Amino acid sequence: MSEIGVRLSGIGGQGVVLASIILGRAASVYDNLYAVQTQTYGSDMRGGDVCTEIIVSEKEIVYPIVNTPDILIAIAQKAFDQHITDLKEGGILITDKDLVNVGNLTKNVNHYSEEFNKKAIDDFNEKRVSNMIMLGFVVEKTKLITYEALEKAIADLLSPRIFDLNKKAIDFGMKLASTN
Amino acid sequence: MINNSKTNKTDFLQGNIACAEGAIMAGCKFFAGYPITPASEIAHHLSKRMFEVDGTFIQTEDEIAAIANIVGASWGGVKSMTATSGPGISLMQENIGLAVATETPCVIVNVQRGAPSTGSPSVHLQGDILQSKFGSQGDYQIIALAPASPQEMFDFTIKAFNLAEQFRTPVFVLSDSLVGHMRERVNFPLQEELILSERKKLEHYQGIHQKIFLDEEVAPMPVFGKGLKANITGSTHKEDGFRNVSDPKIMDNAIKKLTNKILKHKEEIIEINEHEIDDAEVAILSYGLTSRAVLETVKIARKNGIKVGSFRPITVWPFPEEEVEKLSRRVKTIIVCENNLGQLFPFVKSAACEHCKVISLPPKVLGTLYYPEEILEKIKEVI
């Protein structure tokens, strides 16, 4: 695997940073890959712009920033509008179908979308697992990391009390991706 | 004594957490600090970890108290640390001078952010390079290390403690908000494989005029509460610590011995990372996070057959004057890349002494990491 740059963007409270930390941990601790995760955010706790980047590679990563992502995940309209120009030609775009209107997508990209937020509310009665549904979807579509590594990383980072719920959400996201 | 440090383990950690774990591994037993973006995670993590290693954590009322606390704790015989950002360092300056003058080993972590004043808390700039060296009044030397990754936040914090103990001086870890918040793999060494320095301690009372200061080879340090009477003051003093503020010779001796204690050991202190320098026509000098953009640039340039190398001081202070002078005799041009408007540039230019051309190249947008292309463009211009 050569270097793959991923940018996850949304608004504060949607859990994109946690999703990227899980990805990075799974890759670097359990899949024996190199990973670097960075983040930028405004001063707001909720509602501010959040953008986090992660690079996954078989070789050591020198330059830690993703200027032109191979994969862009946007789960808020503002995030999509802001970052779509940076996405590489031929790259992968993943959006929340319900929250992002991609309009006339002129760029040559592979676009997948799913209702992460709506499905979290409808199927789990818990809006907060939308990031896990998204993460499962992303992993299934991109094969960035293995399922085993993902499972171990979640176990490390989440308390046992909420582990099962989040794992179910991830499995649900993966299933959506395989049938989407 | 309990030591819960993780050993021989790989983790995916934020730079700030790696710094805190490095401190624990180095044997830090006292942390005092006041939360500030982008350094808060260090205090937050240590507020739990310190108690697991029989240490002390204090959230002080402000940064002035934090630095005073760690100076006092160090005289109490333990390794101590504080962590803050530029605004906090501004408040600490008076007691940083006190730590220098009283030859107090301690570690000060500065996770730099946008400045001046409150600036921009979560933007990464290398704006406090000169502040670390010249922030407190008078002639003095300081040691500062600039990490570029979470692994280096871990390693350099340990190194900072070692240098502080060896030379009885405050040591800066000069990070920035991107390195502090970046997550990457961190490998923990086995505790028994670590080489840790401990200060020379004064074990027996040798009378009130015992020599406990101003030795270029570092004087032994008494510990508070052990019955070893000692005078400790920020005012000009003699080797025994007795205050004298009227005799210029005593003042002269105090200033020179303090600075020579660092300068005479520059070779032991200074560390440089060179990459592809041997046949380079252009050298790019950078430090901290910026060096990662430079290494990427060198990689691209070399693929295109351009003879470029990277020269990265790990030790920003004391400034590696001789090393830069040697470099200036080997290359045609030195480009200085730093995420500020050129703080180390005058020092590089002066050390290069017209042996080669020296150019300052701040990033196009301050507070962002250089695009390799913008450095490459400059290289092509000068080559």
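As a starting point, this report considers the structure included with it. Small disclaimer: the values here were computed from a predicted structure and weren't measured.

## So, the interface of chain B and chain A
Piece 1. At the junction of the two partners, chain B supplies 21 residues and chain A supplies 20 residues.
Piece 2. Carbon and sulfur atoms supply 56% of the area buried between chain B and chain A, which totals about 1,800 Å² over both sides.
Piece 3. Of all residues in chain B, the largest losses of buried area upon contact with chain A belong to Phe 12, Arg 183 and Arg 185 of chain B, amounting jointly to 36% of the total for that side.
Piece 4. Linking chain B to chain A there are 1 salt bridge.
Piece 5. With its nearest N and O atoms 2.7 Å apart, the salt bridge here joins Arg 25 of chain A to Asp 11 of chain B.
Piece 6. Remark: the boundary between chain B and chain A carries 8 residue pairs in polar contact (both at pLDDT 80 or more).
Piece 7. Counting residues per element, the side of chain B that touches chain A draws most heavily on helix α10 (residues 290-303) of chain B, at 5 residues.
Piece 8. Class assignment for the residues of the side of chain B that touches chain A results in 10 nonpolar, 4 polar and 7 charged.

## Let's talk about the packing of aromatic side chains
Piece 1. According to the stated counting rule, one finds 10 aromatic pairs over all chains in the structure shown.
Piece 2. Judged by centre distance (5.3 Å) and plane angle (75°), the ring pair of Phe 116 of chain A and Phe 137 of chain A falls under edge-to-face. Residue Phe 116 of chain A is found in helix α3 (residues 116-124), and its partner Phe 137 of chain A is found in helix α4 (residues 130-142); the two are separated by 21 residues along the sequence. Residue Phe 116 of chain A shares its accessibility class with Phe 137 of chain A, and that shared class is buried.
Piece 3. Within the aromatic cluster, the residues linked to one another by ring pairs are Phe 134, Trp 317, Phe 319 and Phe 347 of chain B.
Piece 4. Across the ring face of Phe 134 of chain B, the terminal group of Lys 133 of chain B is positioned such that the distance to the ring centre comes to 4.5 Å.
Piece 5. Here the basic side chain of Arg 185 of chain B rests over the ring of Tyr 34 of chain A, its NZ or CZ set 5.0 Å away from the ring centre.

## Some details on the sheet that holds strand β14 (residues 357-360) of chain B
Residues and elements named next belong to chain B.
Piece 1. Within the open sheet, the 5 strands sit side by side as β9-β11-β10-β13-β14. Their pairing is mixed. This sheet does not close on itself; its edge strands, each paired only once, are β9 (272-275) and β14. Averaged over all adjacent pairs, the angle separating strand axes in this sheet is 20°, with direction ignored.
Piece 2. By the bridge criterion, 4 bridges tie β9 to strand β11 (residues 308-313) in an arrangement that is antiparallel. Across the sheet, residue His 275 finds its bridge partner in β11, namely Ser 310.
Piece 3. Its contacts with the sheet put helix α12 (residues 345-352) on β10 (282-285), β13 (333-336) and β14, and the angle it makes with β14 is roughly 180°.

## Focus: the sheet that holds strand β5 (residues 106-112) of chain B
All names here are of chain B.
Piece 1. Read from one edge to the other, the open sheet built from 7 strands follows the order β3-β2-β4-β5-β7-β6-β12, with strand pairing classed as mixed. Here the strands that pair on one side only, and so sit at the sheet edges, are β3 (56-59) and β12 (315-317). Taking each pair of neighbouring strands and ignoring which way they run, the sheet shows an average axis angle of 25°.
Piece 2. Pairing between strand β2 (residues 28-33) and β3: 4 bridges, direction parallel. Within β3, the residue paired with Gly 33 across the bridge is Gln 59.
Piece 3. Packed onto the sheet, helix α2 (residues 40-52) meets β2, β3, β4 (79-84) and β5 and runs at close to 140° relative to β2.

## As for unusual backbone geometry
Residue and element names in this part refer to chain B.
Piece 1. In this chain, Thr 37 is followed by Pro 38 through a cis amide linkage whose omega measures 5°.
Piece 2. Its place among the elements puts Pro 38 in the loop between β2 and α2.
Piece 3. One non-glycine residue, Asp 54, adopts positive backbone phi at about 65°.
Piece 4. Structurally, Asp 54 is set in the loop between α2 and β3.
Piece 5. Of note, the phi angle at Cys 353 is positive, near 50°, even though the residue is not glycine.

## Points about helix α5 (residues 147-157) of chain A
Residue and element names in this part refer to chain A.
Piece 1. Within the span of α5, buried status applies to Ala 149, Leu 150, Ala 153 and Ile 154. Seen along its axis, α5 keeps its buried residues to an arc of 135°; they face one direction.
Piece 2. The secondary structure elements touched by the buried residues of α5 are α1 (16-30), α4 and α6 (160-179).

Conventions used here
- Residues numbered from 1 in each chain as written.
- Chains lettered and ligands numbered in written order.
- Predicted model: local features only at pLDDT ≥ 70, side-chain atom pairs only at ≥ 80, totals over all residues.
- Heavy atoms only, no water.
- Contact = heavy atoms within 4.5 Å.
- Buried area = accessible area lost by both parts, 1.4 Å probe.
- Salt bridge = Lys/Arg side-chain N within 4 Å of Asp/Glu carboxyl O.
- Polar contact = N/O pair within 3.5 Å; in protein donor to acceptor, adjacent residues only side chain to side chain.
- Helix = DSSP H or I, 4+ residues; strand = E, 2+ residues; numbered from the N terminus.
- Nonpolar A, V, L, I, M, F, W, Y, C, P; charged D, E, K, R; others polar.
- Phe/Tyr/Trp six-rings, centres within 6.5 Å; stacked < 30°, edge-to-face > 60°.
- Buried < 20%, exposed > 50% of the residue type's maximum accessible area, 1.4 Å probe, protein only.
- Lys NZ or Arg CZ within 6 Å of the ring centre and 35° of its normal.
- Pairing = 2+ DSSP bridges.
- Axes fitted to C-alpha atoms, helices over the stretch in contact; angles between N-to-C directions.
- Arc of directions from axis to C-beta.

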